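Listed below are the residues making up each chain.
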Amino acid sequence: RSLVVVHFWAPWAPQCAQMNEVMAALAKEHVQVTFVKLEAEAVPEVSEKYEINSVPTFLFFKNSQKVDRLDGAHAPELTKKVQRHASGSSISAGSNDVAKEDLAVRLKKLINAAPCMLFMKGSPKEPRCGFSKQMVEILNKHGISFSSFDIFSDEEVRQGLKTYSNWPTYPQLYVAGELIGGLDIVKELEASGELDTVCPKAHKLDDKLKTLINKAPVMLFMKGNKQMAKCGFSKQIIEILNSTGVDYETFDILEDEEVRQGLKTYSNWPTYPQLYVKGELVGGLDIVKELKENGELLPILKGEN
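This text gives an overview of the structure that appears in the document. Since the structure is predicted, the reported quantities are computational estimates derived from the model, not experimental observations. For every chain, the first residue of its written sequence is number 1, and the numbers climb from 1 along that sequence. Only residues with pLDDT of at least 70 get local features here, since the model is predicted, and only at 80 or more are side-chain atom pairs given and counted; chain-wide, interface and lining totals rely on the full set of residues. Just so you know, side-chain values use all the structure's heavy atoms and leave hydrogens and water out.

Spatially, four strands are ordered β10-β9-β11-β12 in an open sheet, and the strand pairing comes out mixed. Since the sheet does not close on itself, it has two edges, and those belong to β10 (249–252) and β12 (280–283), each with one partner. Strand-to-strand twist in this sheet, taken as the mean axis angle between neighbours without regard to direction, amounts to 30°. Only strands joined by at least two bridges in the DSSP assignment are considered to pair. Numbering of helices and strands runs from the N terminus; a helix is a DSSP stretch of H or I covering at least four residues, while a strand is a stretch of E covering at least two. Bridge analysis of strand β9 (residues 218–222) against strand β11 (residues 274–277) gives four bridges, and the strand direction is antiparallel. By the bridge assignment for β11, V218 is matched with V277. By definition in these notes, contact holds between two residues if any of their heavy atoms fall within 4.5 Å. Axes, fitted as lines to C-alpha atoms, cover a helix only where it is in contact. Angles between the N-to-C directions of the axes lie from 0 to 180 degrees. Relative to β11, helix α11 (residues 257–267) is tilted by about 65°, and along the sheet it contacts β9, β10, β11 and β12.

Here it is, written out as structure tokens:
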């Protein structure tokens, strides 16, 4: 029932080691709080579920519900969040205002994460309520490009968005940061023929992805960039590509949520990094490692194979 703070970390990231020290100091100060370290890349399913895009990331749980998160090595912010959540009901009005402001900023970012954002129960592949399922079916039927957020994965967002948007139920559909409404509204827009003009079409995203994939003969979609990889898999693939001497360009999928989600579907490849040569998908880190071991990587990168 007490507060649990989970640190998603990686042994290759020096900032994680620094934050581990901060966490150890906080553990001495807040004995009622449980602090846990979890190596992000050792548990990919968990990292994917909680959208761990970079390390360090801290998740805060109360009564088995996720109540907050912190991305990045921000010691003062971590200290503040631990104090706020550990104090429970004795939060002062001032800190409560700060918490509300933090949530509002986060909700605004989520709403604007893609041109068309659906807040739903479950995911498009596995909707967890009939209304969400119907909404996904309508959007797919009209070829509408959208990203989604599972409100079951974050209780703070689930409750906060109802107040923020003044809309009490889910699913909720947003276009260009503006609330369109729930399932009934979307059904009305579909019946009147307005849905296609309100929502962006998938083919626009496909065109964008095709352009990006063909931006350079060798294109790597990764977390971070050549200078600063933001996950161990991306770091390893960069090292392999650098060792070949072949020129390549990168795209940071953390900078564009629409590309990040859309490319998984477009390429039918669910994880990152993804390597493309002359517009064709080669694969991820494991494939690239195999090709290197077999001596096939260099000819492929040069377009000889």
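Take K235: it is sitting in helix α10 (residues 232–244). Measuring from C-alpha to C-alpha, the distance between K235 and K223 comes to 8.8 Å, with 12 residues separating the pair along the chain. Contact partners of K235, with chain neighbours within four places excluded, come to W12 and A229.

This next bit is on the nonpolar core. The nonpolar side chains of soluble globular proteins are, as a tendency, buried together. Here, nonpolar core refers to any group of buried Ala, Val, Leu, Ile, Met, Phe, Trp, Tyr and Cys residues whose side-chain atoms link them within 4.5 Å. Each residue's exposure class comes from its accessible area (1.4 Å probe, protein chains only) as a fraction of the maximum for that residue type: buried when under 20%, exposed when over 50%, partly exposed otherwise. Membership of the largest hydrophobic core comes to 19 residues, with the highest contact counts inside it found for V218, L220, L275 and L301. If you list the elements that add at least two residues to this core, you get β9, α10, β11, α12 (285–293) and α13 (297–301). With four residues, α10 is the single largest residue contributor to this core. The next biggest cluster of nonpolar side chains, apart from the first, holds 16 residues, and it includes M120, M135, I138 and L195.

Looking now at the packing of aromatic side chains. Paired rings are identified among Phe, Tyr and Trp, the last through its six-membered ring, by centres lying within 6.5 Å, and are further divided according to the angle between planes into stacked (under 30 degrees), edge-to-face (over 60) and tilted (the rest). Scanning the entire structure with this criterion turns up five aromatic pairs. Both rings, one in Y50 and one in F61, keep their centres 5.7 Å apart while their planes meet at 85°; by these two values the pair is edge-to-face. Residue Y50 is found in the loop between α2 (44–49) and β3 (57–62), and its partner F61 is found in strand β3; the two are separated by 11 residues along the sequence. Considered together, Y50 and F61 belong to a single accessibility category, that of buried residues. A ring pair is formed by F221 and Y276, whose centres lie 5.4 Å apart and whose planes are at 80°; its orientation type is edge-to-face. With F221 in strand β9 and Y276 in strand β11, this residue pair connects regions lying 55 residues apart in the sequence.

Moving on, we come to the packing of helix α5 (residues 130–141) against helix α7 (residues 183–192). One can describe the packing of α5 onto α7 by two numbers: an axis separation of 10 Å at closest approach and a directional angle of 30°. With respect to α7, the element α5 is oriented roughly parallel. Handedness of the α5/α7 crossing: left-handed. Residues F131, Q134, M135, I138 and K141 of α5 form the contact with α7, whose own contacting residues are L183, V186, K187 and E190. Residue composition of the contact of α5 with α7, grouped by class: five nonpolar, one polar and three charged. An angle below 35 degrees is treated as roughly parallel, one above 145 as roughly antiparallel, one from 65 to 115 as roughly perpendicular, and anything else as oblique. Working rule for handedness: look at the near helix, and if it is turned counterclockwise from the far one by less than a right angle, call the crossing left-handed; if clockwise, right-handed. Three classes are used, and their members are as follows: Ala, Val, Leu, Ile, Met, Phe, Trp, Tyr, Cys and Pro are nonpolar, Asp, Glu, Lys and Arg are charged, and the others, Gly among them, are polar.

Attention shifts here to the sheet that holds strand β8 (residues 178–181). Taken in spatial order, the four strands make up an open sheet running β6-β5-β7-β8, and their pairing is mixed. A single partner strand is all that each edge strand has here, and the edge strands are β6 (147–150) and β8. Within this sheet the neighbouring strands show an average axis-to-axis angle of 25°, counted without direction. Sheet analysis places strand β5 (residues 116–120) next to β6, joined by four bridges and oriented parallel. Along β6, the bridge assignment pairs L118 with S148.

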